[in-house]
Amino acid sequence: MNGSRIAAVGHYQPARVLTNEDLAGLVDTSDEWITSRVGIRTRHIAGPDEPVDELAAHAAAKALAAAGLAPADIDLVLVATSTAVDRSPNMAARVAARLGIPSPAAMDINVVCAGFTHALATADHAVRAGAAVRALVIGADKMSDVTDWTDRTTCVLVGDGAGAAVVEAADEPGIGPVLWGSVPEMGHAVRIEGTPARFAQEGQSVYRWATTQLPPIARKACEKAGLAPEDLAAVVLHQANLRIIEPLAEKIGAVNAVVARDVAESGNTSAASIPLALSKLVEQGAITTGDPVLLFGFGGNLSYAGQVVRCP
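Reading guide: rules and limits
Residues numbered from 1 in each chain as written. Predicted model: local features only at pLDDT ≥ 70, side-chain atom pairs only at ≥ 80, totals over all residues. Heavy atoms only, no water. Phe/Tyr/Trp six-rings, centres within 6.5 Å; stacked < 30°, edge-to-face > 60°. Helix = DSSP H or I, 4+ residues; strand = E, 2+ residues; numbered from the N terminus. Buried < 20%, exposed > 50% of the residue type's maximum accessible area, 1.4 Å probe, protein only. Lys NZ or Arg CZ within 6 Å of the ring centre and 35° of its normal. 1 Å grid on protein atoms, 1.4 Å probe; cavity = no way out; pocket = protein on both sides within 12 Å on 5 of 7 lines; lining within 4 Å. Points joined across faces, edges and corners; volume = space filled by probe spheres on them. Nonpolar A, V, L, I, M, F, W, Y, C, P; charged D, E, K, R; others polar. Pairing = 2+ DSSP bridges. Contact = heavy atoms within 4.5 Å. Patch = residues over 30% accessible without salt bridge, like charges linked within 9 Å, V, L, I, M, F, W, Y side chains within 5 Å. Areas by Shrake-Rupley, 256 points an atom, 1.4 Å probe, with all protein chains shown as cover. Salt bridge = Lys/Arg side-chain N within 4 Å of Asp/Glu carboxyl O. Lys, Arg positive; Asp, Glu negative; His and termini not counted. Charge placed at Lys NZ, Arg CZ, Asp CG, Glu CD.

J.: Quick question: what am I supposed to make of the packing of aromatic side chains here?
T.: The relation between two aromatic rings is expressed through the spacing of the ring centres and the mutual angle of the planes. Scanning the model with the defined rule gives 2 aromatic pairs in all. Ring geometry for W209 and F298: centres 6.5 Å apart, planes at 70°, overall edge-to-face. Separated by 89 residues along the polypeptide, W209 in helix α7 (residues 203-212) and F298 in strand β13 (residues 292-299) bring together distant segments of the chain. Residue class for F298 comes out buried when judged on its relative accessible area of 1%. Pairing F296 with F298 gives two aromatic rings, centres 6.4 Å apart and planes at 40°, and the pair type is tilted. On the basis of relative accessible area, F296 is assigned to the buried category, the value being 0%. Cluster of aromatic residues (ring-pair linked, three or more members): W209, F296 and F298. Across the ring face of W33, the terminal group of R152 is positioned such that the distance to the ring centre comes to 4.4 Å. If you follow R243 out to its NZ or CZ, it ends over the ring of Y207, 5.0 Å from the centre.

Here's what the structure looks like:
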């Protein structure tokens, strides 16, 4: 085999929907204030009895079903998350146990909002190296657990959810080379720290970095895949907020692409945002099998990772 491909995707969101009007009853905000600044209208919030691994397992089960595979067909489980409560067992092991995957390598990857694209690259590398045949790659976060619900600058942003992809060996590469990196000296700009852990960020610093520094990096990810931005059928960026997504997508130059805007109904779900948005585009028929799609994650650390994939 000369590469790997995404065989199928799936996603899951908790049933409870929190609207901007609901938030206006918690903090000094309004629907107009939120939509004009970040473009978010609703978000899904998990209950206290819905841990991160449950969200992840639901999404993974859907991806497995879409691929026509059984749990025993998987030999690598990677979960991108930054909201795991316990250090061990990790989320990947807990997901494997929930799904009945018999003996996989099981690892968590914590690169916050860029976690899924890092995990997808890791799975691609493992499959191409012969260390795995089929991998489950999951992005799952329960941001509501690390949110200060009295802080209107952050509580209006977040949501909970999970997205998953089945990655398998392929004759022709369906996952392009990753372009990844970070700006460690600016890592303080996005934080989940303290006891209890709380999400905080320097919004203006992140906005300037994302809209000025990331477009040429995203274009290089296209170049590594042998494509021009105008060849892309879709662009799925980390769903941070529309004020970042829209100018970044425009500066990439993907003039013919569908741009994922799931943030409007899901909020910022951190590592879940890219696979969640990708799965919805596939489900809606907005993209079709074989279409080239740029996935580009960015955020905490300040890290970034992007690659062009072929739509399953």
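J.: What is the right way to read the layout of surface pockets from this model?
T.: Unoccupied space between atoms shows up once a probe the size of one water molecule is rolled over them. A volume near 460 Å³ is recorded for the largest pocket. For the largest pocket, the lining is made up of 23 residues, of which V38, L157, Q201, G203 and N241 are closest to its centre. Of all elements in the fold, only α2 (31-38), α6 (152-155), β10 (198-201), α7, α9 (242-252) and β13 reach the threshold of two or more residues within the lining of the largest pocket. Element by element, the count of residues in the lining of the largest pocket is highest for α7, at 4 residues. Of the residues belonging to the lining of the largest pocket, the class tally is 12 nonpolar, 9 polar and 2 charged. Approximately 320 Å³ is the volume found for the second largest pocket. Along its surface, the second largest pocket is lined by 15 residues, and S82, N110, I192, E193 and A197 are the ones closest to its centre.

J.: When you look at the pairing of strand β14 (residues 303-310) in this model, what are you seeing that I'm missing?
T.: It is a general feature of regular strands that their side chains alternate between the two faces of the sheet. The buried count for β14 comes to 7 of 8 residues, which makes it a mostly enclosed element. Here strand β8 (residues 179-182) runs beside β14; their pairing, made up of 4 bridges, is antiparallel. When the bridges of β14 are listed, S182 appears paired with S303. Summarising the sheet, β13 and β14 pair through 8 bridges and their orientation is antiparallel. Along β14, the bridge assignment pairs P292 with R310. Joining the antiparallel neighbours β13 and β14 is a turn of 3 residues, in which N301 adopts a positive phi near 105°.

J.: Explanation requested: the environment of P177 in the structure shown.
T.: Inspection of the secondary structure assignment puts P177 in the loop between β7 (160-170) and β8. What makes P177 partly exposed here is its relative accessible area of 36%. Sequence separation between P177 and T288 is 111 residues; the distance between their C-alpha atoms is 21 Å. Ignoring anything within four residues of it in the chain, the contact list for P177 reads K224, A225, G306 and Q307.

J.: I would appreciate a short explanation of a negative patch on the surface in the present structure.
T.: Among the surface-exposed residues, E21, D22, D31 and E32 lie close enough to one another that they form a single negatively charged patch. Those elements giving two or more residues to the negative patch turn out to be α1 (20-24) and α2. Assignment of secondary structure puts D22 in helix α1. Overall, D22 belongs to the partly exposed group, its relative accessible area being 35%.

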